[in-house]
Amino acid sequence: MQVRSVNGTYSSVRFLLILIAATAAAQPAALIEEQTHRSLVMAGARAYRVYLPPAYRTSRTTRYPVIYWFHGYEAENEARDAALAAYAAANPVILVDSGPADTTGQFPLYFPELIEQIDKTLRTIADRDHRAVTGSAAGGFLAIWQAAKCPDLVASASSFGAPPEAPTGPQGFDVDTSLADLYPTLDPVRIRQVAAASSLAETLDFHLDAFAHPLPKPAAFNHADPYPNFGIWDWEVVSDRRRPAFTVLENVSRAGFRSTVREWIPAGAALSEVKLSITSPRLYTPAAVYPVTSIRLRDGQVRRATQQADARGRLSFDIDGDAYEIGIGAAPGGAPGVANGIALSGFEIVGAAWASAGQPVQVRLKFWNKGAARSATTLLQLESPTSGVKFKTPSARLSSLAPGESVTLPVTFTIDRPAISGARIVAVDGEIRLSIDVPVYPAAPALADYRIADGLTVAPYTHPLGEGNRDGHAAPGESFAVLLPDAGARRAAELFTNDACVDNTVRISEGGTRISLPAIRPTCEPGHRIQLLARIGLNYFALEIPVWYRNP
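Now for a quick tour of the structure. Because the structure is a prediction, the values reported are computed rather than measured.

## Looking at the overall build of the protein chain
Then comes step 1: Within the protein chain, the regular secondary structure consists of 6 helices and 37 strands.
Then comes step 2: Counting only C-alpha atoms and orienting by the principal axes, one finds that the protein chain spans roughly 105 × 70 × 50 Å.
Then comes step 3: The proportion of buried residues among the 552 residues of the protein chain is 49%.
Then comes step 4: Partitioning the intrachain contacts of the protein chain with sequence separation of at least 6 by distance along the chain shows that 66% fall at a separation of at least 24.
Then comes step 5: Surface exposure of the protein chain reaches about 25,100 Å², of which carbon and sulfur atoms provide 54%.
Then comes step 6: Counting 51 positive and 54 negative side-chain charges, the protein chain places the centres of these two groups 4 Å from one another.

## Description of the state of the cysteines
As used in these notes, a disulfide is a covalent bond between sulfur atoms, one from each of two cysteines.
Then comes step 1: If you walk through the whole model with that rule in mind, you get 1 disulfide.
Then comes step 2: Here Cys 501 is linked by a disulfide to Cys 524, with a sulfur-sulfur distance of 2.2 Å. A torsion of 95 degrees about the S-S bond marks the disulfide between Cys 501 and Cys 524 as right-handed. Of this pair, Cys 501 sits in the loop between strand 31 (494-496) and strand 32 (502-503) while Cys 524 sits in the loop between strand 35 (519-520) and strand 36 (529-536), and the two are 23 residues apart along the sequence.

## With respect to the nonpolar core
Then comes step 1: The biggest cluster of nonpolar side chains holds 39 residues, and the ones touching the most others in it are Tyr 68, Phe 70, Ile 94, Ile 118 and Val 133.
Then comes step 2: Mapped by element, the contributors of at least two residues to this core are strand 2 (44-52), strand 3 (66-70), strand 4 (94-98), helix 3 (107-121), helix 4 (138-149), helix 5 (179-182) and strand 13 (246-253).
Then comes step 3: Looking at this core element by element, the count peaks at 7 residues for helix 4.
Then comes step 4: Apart from residues no more than four positions distant in its own chain, Val 133 is found in contact with Tyr 68, Phe 70, Phe 111, Ala 143, Ala 147, Val 154, Ser 156, Ala 157, Ser 158 and His 207.
Then comes step 5: The next biggest cluster of nonpolar side chains, apart from the first, holds 28 residues, and it includes Leu 382, Leu 398, Phe 413 and Ala 419.

## A closer look at the sheet that holds strand 13
Then comes step 1: Strand order in the open sheet formed by 6 strands is 10-13-14-19-16-17, with antiparallel pairing between adjacent strands. Two strands in the sheet have a free side with no partner beyond their single neighbour: strand 10 (221-225) and strand 17 (301-308). The sheet shows a mean angle of 15 degrees between the axes of neighbouring strands, taken without regard to direction.
Then comes step 2: Examined bridge by bridge, strand 13 and strand 14 (residues 256-262) share 6 bridges and lie antiparallel to one another.

## Observations concerning the packing of aromatic side chains
Then comes step 1: One pass over the full model with this rule turns up 13 aromatic pairs.
Then comes step 2: Taking 5.3 Å as the distance between ring centres and 75 degrees as the angle between the ring planes, the aromatic pair formed by Phe 257 and Phe 317 counts as edge-to-face. Here Phe 317 lies in strand 18 (residues 316-320) and Phe 257 lies in strand 14, a separation of 60 residues in the sequence. Here Phe 257 and Phe 317 have matching classes, each one buried.
Then comes step 3: Look at Tyr 441 and Phe 496: their rings are 4.5 Å apart centre to centre, the planes differ by 35 degrees, and that puts the pair in the tilted class. Of this pair, Tyr 441 sits in the loop between strand 27 (432-440) and strand 28 (451-453) while Phe 496 sits in strand 31, and the two are 55 residues apart along the sequence. Assigned by exposure class, Tyr 441 and Phe 496 land together as buried.

## Let's talk about the sheet that holds strand 37 (residues 539-546)
Each strand in a sheet pairs with its neighbour through backbone hydrogen bonds, running either in the same direction (parallel) or in the opposite one (antiparallel).
Then comes step 1: Pairing in this open sheet of 3 strands is antiparallel, and the strands run 31-36-37 from one edge to the other. Each edge of the sheet is formed by a strand with only one pairing partner; in this case those strands are strand 31 and strand 37. Along the sheet, successive strands turn relative to each other by an average axial angle of 35 degrees, direction set aside.
Then comes step 2: Where strand 36 and strand 37 come together, 8 bridges link them in antiparallel fashion. Each bridged residue has a counterpart across the sheet, and for Arg 529 the counterpart in strand 37 is Pro 546.

## Focus: the pairing of strand 19 (residues 324-328)
Then comes step 1: A large share of strand 19 lies buried, amounting to 5 of its 5 residues.
Then comes step 2: Burial of strand 19 is two-sided: the residues Tyr 324, Ile 326 and Ile 328 facing one way and the residues Glu 325 and Gly 327 facing the other way are all buried.
Then comes step 3: Across 4 bridges, the pairing between strand 14 and strand 19 is antiparallel. Counterpart to Arg 258 in the pairing with strand 19 is Glu 325.
Then comes step 4: Sheet analysis places strand 16 (residues 289-296) next to strand 19, joined by 5 bridges and oriented antiparallel. Note that in strand 19 the partner of Ile 295 across the bridge is Glu 325.

## Description of unusual backbone geometry
Then comes step 1: Each neighbour pair has its own omega, and for Ile 265 with Pro 266 the value is 10 degrees, a cis peptide bond.
Then comes step 2: Looking at where Pro 266 falls in the secondary structure, it is placed in the loop between strand 14 and strand 15 (275-279).
Then comes step 3: Omega for the peptide link from Ala 459 to Pro 460 comes to 10 degrees, which places this bond in the cis form.
Then comes step 4: Here Pro 460 shows up in the loop between strand 28 and strand 29 (481-486).
Then comes step 5: One non-glycine residue, Ala 287, lies in positive phi territory at about 70 degrees.
Then comes step 6: With respect to the secondary-structure elements, Ala 287 resides in the loop between strand 15 and strand 16.
Then comes step 7: For Ala 287, a relative accessible area of 47% translates into the label partly exposed.
Then comes step 8: We note that Ala 487 has phi near 55 degrees; this positive angle belongs to a residue other than glycine.

## Let's talk about the packing of helix 3 against helix 4
Then comes step 1: Packing of helix 3 against helix 4 brings their axes to within 11 Å, and their N-to-C directions diverge by 70 degrees. By the angle class used here, helix 3 and helix 4 are roughly perpendicular. Contact with helix 3, carried on its side by Phe 107, Pro 108, Leu 109 and Phe 111, involves Leu 142, Trp 145, Gln 146 and Lys 149 of helix 4 and no other residues of that element.
Then comes step 2: In terms of residue class, the contact of helix 3 with helix 4 is made up of 6 nonpolar, 1 polar and 1 charged.

## Some points on helix 3
Then comes step 1: An ideal rise of 1.5 Å per residue puts 21 Å on 15 residues; helix 3 measures up with 20 Å between its terminal C-alpha atoms.
Then comes step 2: Listing the buried residues of helix 3 in full gives Phe 107, Pro 108, Tyr 110, Phe 111, Glu 113, Leu 114, Ile 115, Gln 117 and Ile 118.
Then comes step 3: In this fold, the buried residues of helix 3 make contact with strand 1 (31-39), strand 2, strand 3, strand 4, strand 5 (131-135) and helix 4.

## As for the packing of helix 2 (residues 78-90) against helix 6 (residues 200-212)
Then comes step 1: Their axes nearest at 10 Å, the elements helix 2 and helix 6 cross at an angle of 40 degrees. By the angle between their directions, the pair helix 2 and helix 6 is classed as oblique. As for how helix 2 packs across helix 6, the hand of that crossing is right-handed. Touching Arg 80, Ala 83, Leu 84 and Tyr 87 of helix 2 are Leu 200, Ala 201, Leu 204, Asp 205 and Leu 208, all from helix 6.
Then comes step 2: When grouped by side-chain class, the residues that make up the contact of helix 2 with helix 6 number 7 nonpolar, no polar and 2 charged.

Conventions used here
Residues numbered from 1 in each chain as written. Predicted model: local features only at pLDDT ≥ 70, side-chain atom pairs only at ≥ 80, totals over all residues. Heavy atoms only, no water. Helix = DSSP H or I, 4+ residues; strand = E, 2+ residues; numbered from the N terminus. Buried < 20%, exposed > 50% of the residue type's maximum accessible area, 1.4 Å probe, protein only. Contact = heavy atoms within 4.5 Å. Areas by Shrake-Rupley, 256 points an atom, 1.4 Å probe, with all protein chains shown as cover. Lys, Arg positive; Asp, Glu negative; His and termini not counted. Charge placed at Lys NZ, Arg CZ, Asp CG, Glu CD. Disulfide = S-S within 2.5 Å. Core = buried A, V, L, I, M, F, W, Y, C linked by side-chain atoms within 4.5 Å. Pairing = 2+ DSSP bridges. Axes fitted to C-alpha atoms, helices over the stretch in contact; angles between N-to-C directions. Phe/Tyr/Trp six-rings, centres within 6.5 Å; stacked < 30°, edge-to-face > 60°. Parallel < 35°, antiparallel > 145°, perpendicular 65-115°, else oblique. Nonpolar A, V, L, I, M, F, W, Y, C, P; charged D, E, K, R; others polar. Expected span 1.5 Å × (residues − 1). Left-handed = near helix turned anticlockwise from the far one by under 90°.

Laid out in structure tokens, this is it:
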């Protein structure tokens, strides 16, 4: 088609340009609003930007899911902002850009308040199944971490180029946190992690799909929190902790839970001096009396008591930061309680100092009866949601246990790839599913070129590493670091072992690197050879270190 121009000539090119411009003008743009509100958590005004779909103004009753974008202290990114606007223009979703977002201090506590503000002022679908978080770099770390802290508030999380570790927790006693350590707590959240340059639209599409296919609330959940006080799935935790650590809850359900306060996860020392108060949701019959069994896992001490649910149907537990299994039995008259009282509380690797990918892993799983009555003998079926796990025998017979009694069951499995965050073993008895995570490391070459720092100060470190007589040997009663060659220098390694002669619960961080400071137990005989797995960056090495005689 040709159109006659004002000067009498015909131009199809001019018409095409006019057509393109008209088409672009016909495409509705996203509505972009800059908003502020008064935050009680942040004790001041907070700004955020909202991207609304074009139909938001004309459709007065339609409600929308929400994706929260976290940004840090990086410079303005016009291309990213344009991409967010374009996505909101083409999809029925609200995007909220919030920041600067910190992984420590008050911002992680501010997020629930921001959700409340958005749900109060915009037409949102105000439930976790239609709420997501994402971000890039530090904001991407925060998105995944925030989902681990608040899986009851968000159903999906994603990140662009997120660092694997960052400090989290209260300002002044924050703790280094690895996303890999949090994966066991993210079961009810859909996760996507991509490189920084990946398509933003594809990741936002992932969230739209997650809105359509949300994961359900778990029957039992795990949680690790660096804040002394927190709420999760309507459970409330209050403590007097004023030092860096994690409060760890595992296998939490109406039947009970396992709790510990650890210096770091997953295997830091338990802080028994911390006092905890844990209050359940409204799970029980108001005023009904329930038998409660407490097992201190360190020494197997069993205590039994009864507790009356309050007028709202809640139970409260006052314990310390040691590792405990808490079992809640059935109240007289059939009020709900624990089904069979069985808990899977730990594991021991047999015949090796750590579990390796591609090799048979032999473990002994420890089961307790934390209920109020003898359990029945049952045949447990063994499963794993971790890709590549195969069991030598897919079942194990668990004999009848008296209240407070424990037993270990041997299980052998293989996995074809490392699973440092844990190869999950699930023991299934009907509707009851008991799980535990076993770290599995890559095959590692032997290395003899190491150095022991038992109280030595070694460059580039500014403080002594370990405590000892500084003779360069690991002796009973000493703690030490292991220094390995790395890019022309000596670097202190993160260490893993199952050796009973070693207390490997002390770990520090310097320059963003994790350093283990294991201690040789005083009862360890000189001449014993310790098997250690050492990690420097992404490289693993197998070490054999002799226990030395202690010199003055």
